[in-house]
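# Examining the three-dimensional arrangement
So you can see what is in the structure, the chains are spelled out below.
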Amino acid sequence: MANPLAGKKVLLGVTGSIAAYKAAEIASQLTQIGAIVDVVLTESAVKFISPLTFQSLTGRKAYVDADLWGGEGHVTHVGLGRAADLLLIAPVSANTLARLAYGFGDNLLVLTALASHCPMLLAPAMDVGMFEHPATQASVKILEQRGVHFIGPAEGYLASGLVGRGRMVEPLEVIGAARWLLSRKGPLAGKKVVVTAGGTQEPIDPVRLITNRSSGKQGHAIVQAAQDAGADVTLISTTNLTAPINTNLIHVQTVADMHAAVMKESAGSDLLIMAAAPADFRPAHKAADKIKKENGPPAIEMVPTIDILLAVAEERGKSGWPKKVIGFAAESRDLLDNASAKLKRKNLDMIVANDISQPDSGFEVDMNRVTFIFSDGTADPQPKMSKHEVADAIIDRAVVWFQTK
Ligand code: CTP
């Protein structure tokens, strides 16, 4: 699944706010991930940042109000507005919010907005109190009712030295919101996908725990790929990695927590992808107090944890949910035999057999060497790929399943 911004025309509006300097980073990042970025600066934006900055970053002309009356004459705004797949204004000032809400056409940016038919995403930036002001809130309400999307503003330090709500969210978050917005009509639109990620942590005492080397990177990459395909994604994760915007994130620690979350979230779901590495054993008891070393090495009694995928298989037999299940198998030897046995035992539609015998792929690194094995016994070995590429390949399979259903 290609990222939904690749090849898309993004019209990036920049208005008069000190956060305009962050728009340069947005233009740069968007261009790097394959979007075609046309920038329109308002007169006050030009006081903060030069059109040349954007032209240098996007390799395309950056537009200012003078272009409204220049070469292309009165149709500049219509051309820009109608060609755009997304109109993103970041930062958007209180002034431009009001102009957009009431349909003003007194500069190139708001005229372009009037001429556009695409989704609109606004990232407000203004000083403390201005966003909460009833006038601004009225503009926000009008725009929201019209289907306009907002990202932020966030709480934080403002240029005035005051702290409050008004800060533009960081460029990566703006881009995440744009990516999400453009993915909504993808082939998994309306599908509910549940993904687990990371190694579980089983407590020994209040400070010590048993965990494993799973970083959660593969699971997080799958979340992004599923969202890019249009799915509504729930991520059940043990890690502190940032989840893509609009992910329903459930943070868990132990296998018991993960089991409870998976069973709850799988109800009515279309696809469960168990990329997490739940512990197979846990300490039988968590010591109430920190174990002291004076008492010598402790004997920790271990008991088996619940096998989540086996519990899911049982539930699926009764309710039919989740419709499809993908598991992972991390193997250091007899990859295909071991993984195929797990696929059968856990009644999976597909297992991603992960070869962890090589130091350059598997746990903690960015590359994986995997083979997809299916319930009909076929195996499809994949080349060594990044975890993002593995995620895309997995989601491509899921897309085929749901398209042929
Ligand atoms: N898994 C699970 N619940 C557990 C342990 C594992 O649902 N308590 C899932 C993992 O998320 C993975 C799949 O089962 O998708 C395979 O996990 P693995 O630990 O390799 O399988 P085991 O059957 O426990 O085999 P092994 O002897 O290799 O540990």
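Residues numbered from 1 in each chain as written. Predicted model: local features only at pLDDT ≥ 70, side-chain atom pairs only at ≥ 80, totals over all residues. Heavy atoms only, no water.

## Side note on the overall build of the chain
Selection criterion: Numbering of helices and strands runs from the N terminus, with a helix taken as a DSSP run of H or I at least four residues long and a strand as a DSSP run of E at least two residues long. Between buried and exposed lies partly exposed: a residue is buried under 20% and exposed over 50% of the maximum accessible area for its type, with that area taken using a 1.4 Å probe on protein chains only. What makes two residues a contact is simply this: any of their non-hydrogen atoms within 4.5 Å. In this description, accessible areas are obtained by the Shrake-Rupley approach with a 1.4 Å probe, and a residue is regarded as covered only by the protein chains that are shown. Residues scored as charged are limited to Lys and Arg (positive) and Asp and Glu (negative), so that His and the chain ends carry no count. All charge positions are set by atom: Lys at NZ, Arg at CZ, Asp at CG, Glu at CD.
Each helix and strand counted, the chain has 13 helices and 22 strands in total. The dimensions of the chain, computed from C-alpha atoms along their principal axes, are 75 × 55 × 40 Å. Every one of the 405 residues in the chain was classed for burial, and the buried ones make up 50%. Residue pairs at least 24 apart in sequence account for 66% of intrachain contacts in the chain once pairs closer than 6 positions are excluded. Here the chain displays about 18,700 Å² of accessible surface, and carbon together with sulfur accounts for 54% of that area. Here the chain contributes 40 positively and 41 negatively charged side chains, and the mean placements of these two sets differ by 2 Å.

## Observations regarding the pairing of strand β9 (residues 192–197)
We apply this condition: At least two bridges found by DSSP between two strands are what make those strands a pair.
Most of β9 is tucked away: five of the six residues are buried. Bridge count between β9 and strand β12 (residues 232–237): six bridges; the pairing is parallel. Bridge pairing in β12 places V193 opposite V233. Inspection of the sheet shows β9 paired to strand β14 (residues 271–274) by four bridges, in the parallel sense. In the strand pairing of β14, T196 is matched with M274.

## Some details on the site of the ligand
Which entries qualify depends on this criterion: Whether a residue is near a molecule or strand is decided by its heavy atoms; if any one of them lies within 4 Å of it, the residue is near. Each polar contact in these results corresponds to two N or O atoms within 3.5 Å; when the atoms are within protein, one needs to be able to donate a hydrogen and the other to accept it, and residues that are neighboring in sequence are counted only if both atoms are side-chain atoms. When residues are grouped by polarity, Ala, Val, Leu, Ile, Met, Phe, Trp, Tyr, Cys and Pro land in nonpolar, Asp, Glu, Lys and Arg in charged, and all others, Gly among them, in polar.
Taken together, the neighbourhood of the ligand is formed by 15 residues, with A276, F328, K342, R345 and K346 sitting nearest. At a separation of 2.9 Å, a nitrogen atom of the ligand approaches a polar backbone atom of I306. Contacts to the ligand include K342, whose side-chain N or O atom sits 2.6 Å from an oxygen atom. Expressed as a share of its isolated accessible area of 580 Å², the protein-covered part of the ligand is 79%. Sorting the residues of the shell around the ligand by element identifies α11 (308–319), β17 (324–331) and α12 (335–345) as the ones contributing at least two each. Split by residue class, the shell around the ligand holds eight nonpolar, two polar and five charged.

## A closer look at the pairing of β17
Extensive coverage of β17 is indicated by the burial of seven of its eight residues. Of the pairings in the sheet, the one linking β17 to strand β18 (residues 350–355) comprises six bridges and is parallel in character. When the sheet's bridge partners are listed, I326 is paired in β18 with M350.

## Thoughts on the sheet that holds strand β5 (residues 120–124)
What counts, and what does not: Axis geometry follows a simple rule: fit a line to the C-alpha atoms, using only the stretch in contact for helices, then measure angles between N-to-C directions, giving values from 0 to 180 degrees.
Strand order in the open sheet formed by six strands is β3-β2-β1-β4-β5-β6, and the pairing between neighbours is parallel. Across the chains shown, the open sheet's two edge strands, defined by having one partner strand only, are β3 (62–63) and β6 (149–150). Where strand β1 (residues 9–14) meets strand β2 (residues 36–41), six bridges bridge the pair, whose relative direction is parallel. By the bridge assignment for β2, V10 is matched with V37. Relative to strand β4 (residues 86–92), helix α5 (residues 94–101) is tilted by about 145 degrees, and along the sheet it contacts β4, β5 and β6.

## Some points on a nonpolar patch on the surface
Note the cut-off: Residues enter patches when their relative accessible area tops 30% and they take part in no salt bridge; the joining distance is 9 Å for like charges and 5 Å for the nonpolar side chains Val, Leu, Ile, Met, Phe, Trp and Tyr. By definition here, a salt bridge exists when the distance from a side-chain nitrogen of Lys or Arg to a carboxyl oxygen of Asp or Glu is within 4 Å.
A cluster of nonpolar side chains, namely I18, Y21 and F48, defines an oily patch on the protein surface of about 340 Å² accessible area. Counting through the fold element by element, F48 comes out in helix α2 (residues 43–48).

## Some words on the domain arrangement of the chain
Where we set the bar: Domain extents, as shown, originate in an automatic or database domain assignment. As used here, buried area is the combined drop in accessible area, with a 1.4 Å probe, of two parts when they are placed together.
Taken as a whole, the chain is organised into domain 1 (9–181) and domain 2 (192–403). Between domain 1 and domain 2, the C-alpha centre-to-centre distance is 40 Å. For the pair domain 1 and domain 2, the summed buried area comes to about 460 Å², and 57% of that belongs to carbon and sulfur atoms. Taken together, domain 1 and domain 2 are joined by one salt bridge. Salt-bridge contacts for R179 lead to D228; the nearest nitrogen and oxygen are separated by 2.6 Å. Remark: the boundary between domain 1 and domain 2 carries one residue pair in polar contact (both at pLDDT 80 or more).

## Describing the nonpolar core
Keep this limit in mind: What is meant by a nonpolar core is a set of buried Ala, Val, Leu, Ile, Met, Phe, Trp, Tyr and Cys residues, joined one to another through side-chain atoms within 4.5 Å.
With 35 residues, the main nonpolar core has L12, V14, I26, L30, F54 and L88 as its most contacted residues. Setting aside residues up to four positions removed in sequence, L88 forms contacts with V10, L11, L12, G13, I26, L30, L121 and V174. Judged by nonpolar contacts, the second largest core, of 33 residues, contains L188, A229, F374 and I395.

## Observations regarding the side chain of N368
Summarising the element assignment, N368 is placed in strand β19 (residues 367–368). Looking at N368, the relative accessible area reads 2%, which means it is buried. Within the local environment of N368, its side chain forms a polar contact with the side chain of Q218, the two groups lying 2.8 Å apart.

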